[in-house]
Amino acid sequence: MGSVLFYVLLTSIATTTNAEFVVAQFRNIIKKRSTSDVIFNDIDIYSMKIDSKVTSRFAHNVITSRAVNRASVSKEVFFDVELPKTAFITNFSMTIDGSTYLGNIKEKEAAKKQYETAVSRGHTAGLVKASGRKTEKFTVSVNIAAASKVTFELTYEELLKRHLGKYEMLIKVKPKQLVKQFQIEANIFEPQGISELEALGSFINNDFTQTIEKSFSGKKGHVSFKPTIDQQRTCDNCSTSFLDGDFTIKYDVKRDSPGNLQIISGYFVHFFAPANLPRVPKNVIFVIDISQSMLGQKMEQTKEALLKILDDVKENDHFNFILFNNRIIPWKENLVKATLDNLKEARKFVKSIKATGSTNINDALIRTVEMMNEVHKEKVLPERSSSTIIMLTDGNPTSGEFNQRKIQENVKNAIQGRYSLYNLAFGYDMDYNFLEKMALENNGLTRRIYEDSDSALQLQSFYDEVANPMLREVQLHYPINATSELTQNNFNHYYDGSEIVVAGRIIDNDLNSFTADVKAHGANNDVTFTEQVDIEETAKALQDQEYIFGDYIERLWAYLTIQQLLEKRISAQEEKRRTLAAEALELSLKYKFVTPLTSMVVTKPEDNEDKAAIADKPVEDTSIQHSYPSRASSDTSIQHSYPSRANSVDGDPHFLIEVPQKKDHLCFNINLDPGVVLNLVNDPDTGITVNGQLIGKKKVSNNGQTQKTYIGKLGIVNTQLDLKIAITTEKITLQNGRKTATFTWLDTTTLQQEGLTMEINREKNLVLSFGDGATFIVVLHRVWKKHPIHHDFLGLYTLDSHKVSEHTHGLLGQFFQHIDFEVFDIRPGSDPEKPHATMIVKNNKLTVTRISEKDYGKDPSHGTIIPCWFIHNNGTGLIDGAHTDYIVSNLFSTPFIN
């Protein structure tokens, strides 16, 4: 399940400018956090302890940090920790000089209302962001008086997953300074007995391995890491700490029987991981995206991974490759057995793969399913074998069927539950939700492959997880009429090195013994496993143990139930989605878990009053992460939810129009000379006008081609507020009547006045929200200062466009209202990646081209690739009138359109 980084920045420093704006200036904070002063600066973090208690795979972790202000003036203290994405935060508190401030977990909408109340009073708020592949960050800051002490305590819980034969607990270590008392303490209790235990630190070399103490005996294990201050130093006389990286605890349990049943206080958990089973033969088709966007390192890493995977394919397996761009290219007409000759030929084929063309996901998957159906029908595969489809892609469909919902429907109807579909999403330029839903609907899952130097290892690691199926169609049964509220108890596969976990309630209070029956298809025959325990004896044995924390089986059940409800919600229909969400929300609130449906409201003292901030847990796909607009963030861009169409102008200049009703985008360019000012938005009812001035290249070529231009300046007028805002790549100037305030892109600043909220995020973007009206995001694009051709430039993105009036116009504004179009006769273009089509729009018949543009509104650094229908000739036939009709005299002109 996807997750989040918790970043809550809670401090504001009030400043008044000559424009009578209330500004939350964070320049000093930025300076502290970007230099060594942020580590020392008279703040002594004298104690940090991570206390982990693991009982039957369920981990309860408490991070406690204590600091004292050694200065003679008040100082700001940060509590900054990274957590596993699979974890749920359950509690947070700050204790300052004996007064404790608690986090309060609420339903997300209720938390949002509390947040909005705080913002209306000028208080700062929270921001959520992912921190890495496996982690998310929780950050909170507080000002404390001279000589005062503060204690932060954060609690989170997670169910440890068995991966390739071991349970793994990840602890991120990064205190950022030397800590007098630094300690990691982990106590593990496993009723089955511990068979192996290891602890590793990515930052620990051979000279410091003795700083880790580990031991296990019988059912108990213990790990301790307590480096002294001298041991923490990067060198003998250094004041910097080498504690920076991953501390990982791995272990496994004894397996005297295939399963293990545990019961406490009316709840049970059943762990099922049989050993020494014969392997089920596997049939796998690798469906590989070879479109143009895979060119370069991604393609080379994919080939490297496939070659290593071929080394691990077993002799009784069958396999094939289907490559796809705008064409479908199978290696063989059918699956072939993994003989030495076939593997040799396959390696030669993989080495020859080249990337080109567009992306036809629909036809690739349909052809794959047809091939799998054919070989099953002809009975050329082992009768007791497992069939799997593994697709890797780095983008959205740009050829063939474009409608993602239709593709999902086609694939589901084709597979009909017979095979598992695993989707590997390479990078961030695809709709992760689209791939995830499609996989979940077909007994599979989606995994993101991060673009990095180890991408090939990530691909191979995923394959290792599913390489060895041991059982198929696993069904776990429990006493009828004696149990209820079971978690998932039917599984398509059991893979070697993994574990199946089922939990539930026991509703028969008179039940003396409890039986679990497992039925599955094995490699040679159908198999049955039976486990029976005495309820009273089992409960008594567990309750007497030292490491038990509370009703851990009940909390494990709640954790697992919430995870599975959220997963089911992804592929459910709307009414069912609401039911699943309601169930997950109820459990999240009852057991005080921060999940994607709840938020933790963190209250802190500031300026003699309490202020609120919010910690959320969004989902994996950043494009739908839910966060409330941040009032101050020093190192990240604002991420908004998109309640309505989001239109933009960016690049040279590309206009991108979202059409939600069609789940598609339109796009066009405007080619005019540098210096020309264009009207982008004009709403006569609210008095808001947005104009943009074009800039060209530093050097103009004389090859006769159209010169590319970009938005170099923006002018925004609000006549109702008597406000003008001039935005260049160097500064932002606000003129309110006769009063002026100027900011630079080096600021991280929040400004509020009646009807306006402005947020500058250092060197990234500017967010302008006009009361109950629209929101504009201005993205800053920096290029190398010595670049011989290009200048820095701006991009404009509009949000909440449904809040403007129906009379809004302009090159962007005219598309804030509903627009309809039809596309047909899709046909190849001169470029295989860019098919042509015929479009009917505004009673005009146009020839359009399928291309991709980049949207930098959500990710200013990398952008998101958006497929769109490109309208040629400066948008002729799509925009009202001619493109020259939108030229105005200056940045603050109000246009007149005939």
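Positions within a chain are numbered from 1, following the residues in the order the chain's sequence is written. Whole-chain, interface and lining totals are the exception, using all residues; otherwise, since this is a predicted model, local features are given only for residues with pLDDT of at least 70 and side-chain atom pairs are given and counted only at 80 or more. Heavy atoms throughout the structure, all of them, feed into the side-chain values; hydrogens and water do not.

Q: Would you explain the overall build of the protein in this entry?
A: Put simply, DSSP marks the helices as runs of H or I at least four residues long and the strands as runs of E at least two long, and each gets a number from the N terminus on. The helix and strand inventory of the protein stands at 13 helices and 54 strands. Throughout this description, buried means an accessible area under 20% of the type-specific maximum (1.4 Å probe, protein chains only), exposed means over 50%, and partly exposed covers the range between. Counting only residues that meet the buried cut, the protein has 58% of its 898 residues in that class. Any two residues whose heavy atoms approach within 4.5 Å at even a single point are treated as in contact. Intrachain contacts of the protein at a sequence separation of at least 6 include 68% that bridge at least 24 residues. Areas reported here follow the Shrake-Rupley algorithm with a probe of radius 1.4 Å; residue values treat only the protein chains shown as occluding. Just so you have it, the protein exposes about 37,600 Å², and 46% of that area is on carbon and sulfur atoms.

Q: So what exactly am I meant to see when it comes to the nonpolar core here?
A: Soluble globular proteins tend to pack their nonpolar side chains together in the buried interior. Among buried residues, the Ala, Val, Leu, Ile, Met, Phe, Trp, Tyr and Cys ones that are joined through side-chain atoms within 4.5 Å form a nonpolar core. With 57 residues, the main nonpolar core has Leu666, Phe668, Leu680 and Ile727 as its most contacted residues. Apart from residues no more than four positions distant in its own chain, Ile727 is found in contact with Gly712, Lys713, Leu714, Ile716, Ile732, Trp745, Leu766, Leu768, Val778 and Leu794. Membership of the second largest hydrophobic core comes to 54 residues, among which are Ile45, Ala87, Tyr167 and Met169.

Q: What is the right way to look at the packing of helix 8 (residues 432-440) against helix 11 (residues 552-571) in this model?
A: In a packed pair of helices, the relevant descriptors are the angle between the two axes and the axis-to-axis distance. Interhelical geometry of helix 8 versus helix 11 gives an angle of 100 degrees and a closest axis separation of 8 Å. By the criterion of interaxial angle, the relationship of helix 8 to helix 11 is roughly perpendicular. Residues Glu436, Lys437 and Leu440 of helix 8 form the contact with helix 11, whose own contacting residues are Glu567, Ile570 and Ser571. Across the contact of helix 8 with helix 11, the residue classes tally to 2 nonpolar, 1 polar and 3 charged. The axes are straight lines fitted to the C-alpha atoms, using for helices just the contacting stretch, and the angles between their N-to-C directions are given from 0 to 180°. Each angle receives one of four descriptions, namely roughly parallel if under 35 degrees, roughly antiparallel if over 145, roughly perpendicular if within 65 to 115, and oblique otherwise. Gly falls in the polar group here, along with every residue not listed as nonpolar (Ala, Val, Leu, Ile, Met, Phe, Trp, Tyr, Cys, Pro) or charged (Asp, Glu, Lys, Arg).

Q: Looking at this model, I keep getting lost on the packing of aromatic side chains. Mind explaining?
A: Each aromatic ring pair is characterised by the separation of its centres together with the angle its planes make. Stacked, tilted and edge-to-face are the three classes assigned to paired rings of Phe, Tyr and Trp, where Trp is represented by its six-membered ring and a pair needs centres within 6.5 Å; plane angles under 30 degrees give stacked, over 60 edge-to-face, the rest tilted. Following the criterion strictly, the structure yields 31 aromatic pairs and no others. Seen from their ring centres, Tyr267 and Trp557 are 5.2 Å apart, and the 45 degrees between their planes marks the pair as tilted. Taken as a pair, Tyr267 in strand 20 (residues 267-272) and Trp557 in helix 11 lie far apart in primary sequence, 290 residues in all. Of the two residues examined, Tyr267 and Trp557, each falls in the buried class. Taken together through their ring pairs, the aromatic side chains of Phe286, Phe319, Phe321, Trp331, Phe349 and Tyr463 make up a single cluster. Two conditions define a charge sitting above a ring: the NZ of Lys or the CZ of Arg must be within 6 Å of the ring centre, and it must be within 35 degrees of the ring normal. One residue, Lys298, lies across the ring of Phe426, its end atom 5.9 Å from the ring centre. Above the face of the Trp869 ring, Arg850 is positioned so that its terminal group lies 4.8 Å from the ring centre.

Q: Just to check I follow, could you spell out the state of the cysteines for this structure?
A: A covalent bond between the sulfur atoms of two cysteines is referred to as a disulfide. Note on terminology: disulfide denotes any pair of cysteine sulfur atoms within 2.5 Å. What the rule picks out here adds up to 2 disulfides. Through a disulfide, Cys235 is tied to Cys238; the S-S separation comes to 1.6 Å. Disulfide Cys235-Cys238: torsion about the S-S bond near 85 degrees, hence right-handed. Its relative accessible area of 35% is what places Cys235 among the partly exposed residues.

Q: I tried to follow the sheet that holds strand 13 (residues 166-173) on my own but got confused; where do I start?
A: The strands making up a sheet associate through hydrogen bonds between their backbones, and the pairing can be parallel or antiparallel. The criterion for strand pairing is that DSSP finds at least two bridges linking the strands in question. Across the sheet, 4 strands lie side by side as 12-13-18-15; this open sheet has antiparallel pairing. Looking at strand neighbours, the two that pair on one side only are strand 12 (162-163) and strand 15 (194-201), the edges of this open sheet. Here 7 bridges tie strand 15 to strand 18 (residues 245-253), and the two strands are oriented antiparallel to one another. Each residue of the ladder has a partner; that of Gly201, found in strand 18, is Phe247.

Q: What is the right way to read empty space enclosed by the protein from this model?
A: One simple way to see leftover space: roll a probe sized like a water molecule over the atoms. Only protein atoms enter the 1 Å grid used here. Points where a 1.4 Å probe fits but cannot escape make up a cavity, open sets with protein on both sides within 12 Å along at least five of seven lines make up a pocket, and a residue lines them when an atom lies within 4 Å of a point. Grid points are joined across faces, edges and corners, and a volume is the space filled by probe spheres set on the points. This model, assessed by the stated rule, comprises 2 cavities of 30 Å³ or more. Computed from the structure, the largest cavity encloses a volume of approximately 110 Å³. Of all the secondary structure elements, the ones that give two or more residues to the lining of the largest cavity are strand 21 (282-289), helix 4 (297-312), strand 25 (386-393) and helix 9 (455-466). When residues of the lining of the largest cavity are assigned to their parent elements, the largest contribution, 4 residues, is made by helix 4. Here the residues of the lining of the largest cavity are counted per class, giving 12 nonpolar, 1 polar and no charged.

Q: In this structure, what is going on with the sheet that holds strand 28 (residues 469-477)? I would like to understand it.
A: Pairing within the open sheet is antiparallel, and its 4 strands lie in the order 30-28-32-33. Bordering the open sheet on either side are strand 30 (490-495) and strand 33 (526-534), each of which pairs with just one other strand. Neighbouring strand axes in the sheet, compared pairwise and without regard to direction, differ in orientation by 30 degrees on average. As defined by bridge partners, strand 28 adjoins strand 30 across 5 bridges and the pair is classed as antiparallel. Counterpart to Leu471 in the pairing with strand 30 is Tyr494.

Q: Can you walk me through unusual backbone geometry in this structure?
A: With the exception of glycine, most residues fall at negative phi, and the peptide bonds are largely trans. A positive phi angle, close to 55 degrees, is found at Asp722, a residue other than glycine. Among the structural elements, Asp722 can be located in the loop between strand 41 (710-718) and strand 42 (723-727). Of note in the backbone geometry, Asn874 takes a positive phi value of approximately 60 degrees without being a glycine. Secondary-structure assignment places Asn874 in helix 13 (residues 872-875). Residue classification places Asn874 among the buried positions, given a relative accessible area of 15%.

Q: Can you walk me through the environment of Ile657 in this structure?
A: Considering the arrangement of structural elements, one finds Ile657 in strand 37 (residues 654-659). Judged by its relative accessible area of 0%, Ile657 is buried. Between the alpha carbons of Ile657 and Trp869 there is a distance of 9.7 Å; along the sequence they are 212 residues apart. The contact partners of Ile657, leaving out residues within four places of it in the chain, are Asn647, Asp664, His665, Leu666, Phe668, Leu812 and Phe815.

Q: I'm lost on the pairing of strand 52 (residues 844-855) in this one. Help?
A: Residues in a regular strand project their side chains so that they alternate between the two faces of the sheet. Bridge analysis of strand 51 (residues 836-841) against strand 52 gives 6 bridges, and the strand direction is antiparallel. Along strand 52, the bridge assignment pairs Thr838 with Thr847. In this sheet, strand 53 (residues 864-871) lies alongside strand 52 in antiparallel orientation, the contact comprising 8 bridges. Bridge pairing in strand 53 places Ile851 opposite Cys868.

Q: Is there a simple way to think about helix 4 in this case?
A: Given 3.6 residues to a turn, an α-helix orients residues that are three or four positions apart in the same direction. Along its 16 residues, helix 4 runs 23 Å from first to last C-alpha, staying within 8% of the 22 Å computed at 1.5 Å per residue. Where helix 4 is buried, its residues contact strand 21, strand 22 (318-324), helix 5 (340-351), strand 25, strand 26 (420-426) and helix 9. Helix span, as expected, comes to 1.5 Å for every residue beyond the first.

Q: Please clarify how the confidence of the model for the protein should be interpreted in this entry.
A: Note: predicted coordinates in regions of low pLDDT should not be interpreted at a detailed level. Across the protein, the average pLDDT comes to 83, with 85% of residues at or above 70. Residue-level confidence of the predictor is what pLDDT reports, using numbers from 0 through 100. Per-residue pLDDT, averaged within each element of the protein, yields its smallest value for strand 2 (residues 14-16) (28) and its largest for strand 22 (97). Low pLDDT, under 50, characterises residues 121-130; the predicted model gives this stretch 51 contacts beyond four residues in sequence or across chains. Low pLDDT, under 50, characterises residues 622-645; the stretch is placed with 95 contacts to residues that sit more than four places away or in other chains.

Q: Which parts of the structure should I look at to understand the packing of helix 11 against helix 12 (residues 574-590)?
A: Two numbers describe how helix 11 lies on helix 12: the axes approach to 9 Å, and their chain directions differ by 160 degrees. Looking at the two axes, helix 11 sits roughly antiparallel to helix 12. Regarding helix 11 and helix 12, the two cross each other, and that crossing is left-handed. Contacts from Trp557, Thr561, Ile562, Leu565, Leu566, Lys568, Arg569 and Ile570 of helix 11 reach helix 12 at Arg577, Leu580, Ala581, Glu583, Ala584, Leu587 and Ser588. Here the contact of helix 11 with helix 12 is composed, by residue class, of 9 nonpolar, 2 polar and 4 charged. The handedness criterion is simple: a crossing whose near helix is rotated anticlockwise from the far helix by less than a right angle is left-handed, and one whose near helix is rotated clockwise is right-handed.

Q: Just checking my understanding: could you explain helix 9 for this structure?
A: Relative to the 16 Å expected for 12 residues at 1.5 Å per residue, helix 9 spans 18 Å between its end C-alpha atoms, a close match to the ideal helical length. Among the 12 residues that make up helix 9, 9 are buried, leaving the element largely enclosed by the rest of the structure. Of all the positions in helix 9, only Ser455, Ala456, Gln458, Leu459, Gln460, Phe462, Tyr463, Glu465 and Val466 are classed as buried.

Q: Whenever I open this one, the side chain of Asn283 confuses me. Can you help?
A: Residue position: Asn283 is located in strand 21. By relative accessible area, Asn283 is classed as buried at 0%. A polar contact of 3.1 Å, which involves the side chain of Asn283, links it to the side chain of Ser387. Here a polar contact is taken to be a pair of N or O atoms separated by no more than 3.5 Å, where protein atoms must pair a possible hydrogen donor with a possible acceptor and residues adjacent in sequence count only if both atoms sit in side chains.

Q: In this structure, what is going on with the environment of Asn718? I would like to understand it.
A: The residue Asn718 is located in strand 41 in this model. We classify Asn718 as buried; its relative accessible area is 5%. For the pair Asn718 and Thr689, spaced 29 residues apart in the sequence, the C-alpha separation amounts to 6.6 Å. Of the polar contacts made by the side chain of Asn718, one reaches the backbone nitrogen of Gln720; its length is 3.1 Å.

Q: Looking at this structure, how should I read the pattern of salt bridges?
A: Charged atoms that come close allow side chains of opposite charge to pair. When a carboxyl oxygen of Asp or Glu lies within 4 Å of a side-chain nitrogen of Lys or Arg, that pair is called a salt bridge. One pass over the structure, following the stated rule, counts 34 salt bridges. Between Glu198 and Lys166 there is a salt bridge, with its nearest N and O atoms 2.5 Å apart. With a gap of 32 residues between them, Glu198 in strand 15 and Lys166 in strand 13 connect regions that are remote in the sequence. One salt-bridge network, in which partners are shared between bridges, spans Arg57, Arg162, Glu190, Asp252, Arg255 and Glu499.

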